[in-house]
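Architecture and fold: a report
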Amino acid sequence: ATTATVEELERLIEAATIEANSYEFPTNARIYQPENNEIEDIGSFDFVIIGGGVAGSVIASRLSEIRKWSILVLEAGTVVNSEFNAMLGYTAFLALSDLSWGFRSVPQTTACLGFVNQSCRAFRARGMGGTSLINGAVYERGMPSTFDEWADITNDPTWSYDNVLPLFKKSEDFHLRNPNTPVEWEYHGRGGYLNVEQKIPEDFMTTLFLQGHRELGTDIIDYNGRSQLGASIFQLYTKNGRRQSVYDAFLTPVLRRQNLNIMTESYVTKININKLTKRAKGVTFTRHGRTFRVNAAKEVILTAGVFQTPQILMLSGIGPKEHLLDMGINVIEDLEVGSKLKDDPICQALYISTNMTRPVETLEGRLQQFLNGEGSLTQAYSTSGVAFQKSQFEEQNYADMEFLAATVQRSAFDVRYAGWTNETYDAAWGNNTNAIAINIHNVNPRSSGTVRLNSSDPFDYPLIDFNMMSDPEGHDMAVLYEGINRVFDLLRTPSFQKINPEYRGSPLPGCEDQQFMSREYWYCFLRQTCTASFHVRGTCPMGADPSEGAIVDSRLRVFGVRKLRVADSSVLPTSMSGHPVGTIIMIAEKAAETIKSDYLPYIS
Ligand SMILES: Cc1cc2nc3c(=O)[nH]c(=O)nc-3n(C[C@H](O)[C@H](O)[C@H](O)COP(=O)(O)OP(=O)(O)OC[C@H]3O[C@@H](n4cnc5c(N)ncnc54)[C@H](O)[C@@H]3O)c2cc1C
């Protein structure tokens, strides 16, 4: 609920627009640098959690249920409490604000070629709630068989879908707002911390998207039910149309717990590990120009996200031996940390002209709708239709393509947000009018990249190399090209034909030598326009064998180091074909249950 008025929201939007259009991203973390070399000890907590993001918030909430345990969360950002942030419709503005770490990839050679410096944006947020402060709030779990595969990879049946489904349900409070959405109730939870709902009212484009898919013979499904394959409507973890960060959902209700301690603006530089016993003893962090050391009586739990979790491990001596030695860091454990970075390439540049006229909506009208929990500002994407499909190359039963429909307008802001070069954007846009875009994700790619240290200085940003669409067999490119053909199939359906769709892009810079709209042209188009979808994972994958690249075991313990767990997006051992927050929350729930069973003998 809010007491804000339309006028107050208008003022917030004005201020955020100015900030988003002028914000310069930091290129390092020097704002956290201490003023001197003194280190102050601040005592001991049972569990020290590094990073109060999605996973960190869930784990802190669940561990602090045990009143005799003291919990400390160290988070680099602050607690964010702004009415502006509640409006999902302004999500892109939040990524261009000081909530954003401002990471970018190193220059790429196989994707993001039409972006400034051939670099993909790598948005991550700081603040309690982590990247859920700036994300699209889509709630999705992936295919049930993903988790059976995780059980095989880890040799641990507790990761099978039957065993993790109760954890998904435990977190969830599902509400059916749009009755057109099929729901398989047995897969949904009620009464959990995380409200899940759909945007209302359903917009024209969503209805059209579903109708077009029906005409192609695609089932309309609950993608969080028994199968993910089909077309559907987004499930969002918003509450009455307002952003609900994972901090809002899991920690705000329990802040009164005396054993729960949260220190914001606290930047962790190192996990302190006894070199002889290889036991994590505690953590060093900086805060307001000073350096502190805190002891972890039971464990250190690392949830600093997919880029900074591996960075902190490497700074602490856990990582690929050669790389650590190059950086002048003493090696405590030689593990392939940061060596399997994965993100899903997304092509958002397939703009299609239509004869659709948009309903005229005033800002005041949209804000009024938002205050009633409805309308375009309650969702990050312009429409709610989504389809998960299998390409001809997918040998198992996973979705490897995701399609979203968007209504779009030519906008300098989009260029800035995505990091396009103007030339590529202008050519992709071409002569479009009343455009829509059908976005294509490859949600099960084979290519992977790396996260490495830039130096041994904890205030340098890590080096992020996505290396998307680089697999030698060309599988990822072939899937995306099939995606382009499927978009044109959708546009040929009777429902879409009514809006007179037409491709009116111009030849892209760098692709002039290819015959326009030939297969070779589209391959070039994809390399120029595909970028990261921010569903990054896998920098510390879970597995059974560190010699095969696993960093944590099935109980999320770092191999070879005692009293240290990793429990965030870094540990996903495979893709879960889509938007990861639902799965990361489940992993965090499982981490908390595992820790409880390790320390409390009466819990099995
Ligand atoms: C623009 C955008 C849209 C997205 N949309 C969706 C979506 O709709 N649905 C979905 O499922 N996923 C979405 N995602 C992805 C999703 O938000 C992330 O996968 C998820 O938040 C990762 O959770 P995490 O716990 O691993 O890390 P985070 O949530 O990123 O949390 C890590 C926390 O650690 C803190 N931290 C890092 N380093 C330090 C340090 N040295 N010291 C102290 N604290 C530190 C950070 O400040 C942060 O708060 C989106 C991402 C982006 C960027």
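Below you will find a few notes about this structure. Everything numeric in this text was worked out from a predicted model, so none of it was measured.

Rules of the game
- Residues numbered from 1 in each chain as written.
- Predicted model: local features only at pLDDT ≥ 70, side-chain atom pairs only at ≥ 80, totals over all residues.
- Helix = DSSP H or I, 4+ residues; strand = E, 2+ residues; numbered from the N terminus.
- Buried ≥ 20, exposed ≤ 12 C-beta atoms within 10 Å, placed from the backbone.
- Contact = placed C-beta atoms within 7 Å.
- Core = buried A, V, L, I, M, F, W, Y, C linked by C-beta atoms within 7 Å.
- Axes fitted to C-alpha atoms, helices over the stretch in contact; angles between N-to-C directions.
- Parallel < 35°, antiparallel > 145°, perpendicular 65-115°, else oblique.
- Left-handed = near helix turned anticlockwise from the far one by under 90°.
- Nonpolar A, V, L, I, M, F, W, Y, C, P; charged D, E, K, R; others polar.
- Pairing = 2+ DSSP bridges.
- Near = placed C-beta within 6 Å.
- Arc of directions from axis to C-beta.

On a plain count of helices and strands, the protein chain comes out with 16 helices and 23 strands. Across its three principal directions, the C-alpha atoms of the protein chain cover 70 × 55 × 50 Å. Counting every position in the protein chain, which comprises 604 residues, the buried fraction comes to 53%. Intrachain contacts of the protein chain at a sequence separation of at least 6 include 72% that bridge at least 24 residues.

Our next topic: the nonpolar core. Ranked by size, the top nonpolar core spans 180 residues in total, and within it V48 and I59 carry the most contacts. Element by element, the count of residues in this core is highest for helix α16 (residues 581-599), at 9 residues. Every residue in contact with I59, bar those within four places of it in the chain, is listed here: I49, I301, T303, A567, A588, A591 and A592.

With that settled, the discussion passes to the packing of helix α13 (residues 475-491) against helix α15 (residues 519-529). Between α13 and α15, the least distance of the axes is 10 Å, while the angle of their chain directions is 110 degrees. In terms of orientation, α13 lies roughly perpendicular with respect to α15. Both α13 and α15 take part in a crossing whose hand is right-handed. Here M477, L480, Y481 and I484 of α13 come into contact with α15, specifically with R519, W522, Y523 and L526. Along the lines of polarity and charge, the residues of the contact of α13 with α15 split into 7 nonpolar, no polar and 1 charged.

For the rest of this paragraph, the subject is the pairing of strand β2 (residues 71-74). Where burial is concerned, the two faces of β2 agree: the one with I71 and V73 and the one with L72 and L74 are both buried. Note that strand β1 (residues 39-50) and β2 share 4 bridges and pair parallel. Its bridge partner being in β2, V48 is matched across the sheet by L72. Both β2 and strand β8 (residues 260-263) contribute to a ladder of 4 bridges, which runs parallel. The residue bridging L72 from the neighbouring strand is N261, located in β8.

What follows is about the site of the ligand. Close to the ligand lie 40 residues; G51, G53, G130, N135 and G136 are nearest. Sorting elements by how many residues they give to the shell around the ligand places helix α8 (residues 305-315) first, with 4 residues. Of the residues belonging to the shell around the ligand, the class tally is 19 nonpolar, 17 polar and 4 charged.

What follows deals with the pairing of β1. Pairing analysis gives 9 bridges linking β1 to strand β11 (residues 290-302), with the strands arranged parallel. Within the sheet, the bridge partner assigned to I39 lies in β11 and is T291.

What follows is about helix α12 (residues 422-429). Along an α-helix, a turn takes 3.6 residues, which lines up residues three or four apart on a common side. Within α12 the residues assigned to the buried category are T424, Y425, A427, A428 and W429. Where α12 is buried, its residues meet β15 (351-353), α11 (412-418) and α15. Where α12 terminates, the next one or two residues include G430, which has phi positive at roughly 55 degrees.

On to the environment of P458. In this fold, P458 is placed in the loop between β19 (450-452) and β20 (463-465). Setting aside residues no more than four positions away along its own chain, P458 makes contact with T269, K270 and L315.

Residues I200 and P201 are joined by a peptide bond in cis, for which omega reads -10 degrees. Here P201 is to be found in the loop between β4 (194-196) and α6 (204-215). In this structure, C112 is a non-glycine residue whose phi angle is positive, near 55 degrees. Following the sequence through the fold, C112 ends up in the loop between α3 (91-95) and α4 (144-154).

So, about α4. Along α4, the residues classified as buried are T146, F147, W150 and T154. Angularly, the buried residues of α4 cover 90 degrees about the axis, an arc narrow enough to put them on a single face. Immediately downstream of α4, the backbone of N155 shows phi near 60 degrees, a positive value.

The next thing to look at is the environment of E7. Mapped onto the secondary structure, E7 falls in helix α1 (residues 6-22). Classification of E7 by C-beta neighbours within 10 Å gives exposed; the count is 9. Residues E7 and E364, spaced 357 residues apart in sequence, show a C-alpha to C-alpha distance of 8.4 Å.

Now for the packing of α1 against helix α10 (residues 363-371). For any two helices packed against each other, the geometry is given by the interaxial angle and the distance between the axes. One way to put it is that α1 packs onto α10 with a least axis distance of 10 Å and a crossing angle of 115 degrees. Viewed along their axes, α1 and α10 adopt a mutual orientation that is roughly perpendicular. In terms of crossing hand, the pair formed by α1 and α10 is right-handed. Contacts from V6, L9 and E10 of α1 reach α10 at L363, E364, L367 and Q368. Split by residue class, the contact of α1 with α10 holds 4 nonpolar, 1 polar and 2 charged.

For the rest of this paragraph, the subject is the environment of A296. Relative to the elements of secondary structure, A296 occurs in strand β11. Judged by the 23 C-beta atoms lying within 10 Å of it, A296 is buried. Not counting residues within four places of it along the chain, the set of residues in contact with A296 comprises F45, F47, V48, A280, K281, G282, V283 and K563.

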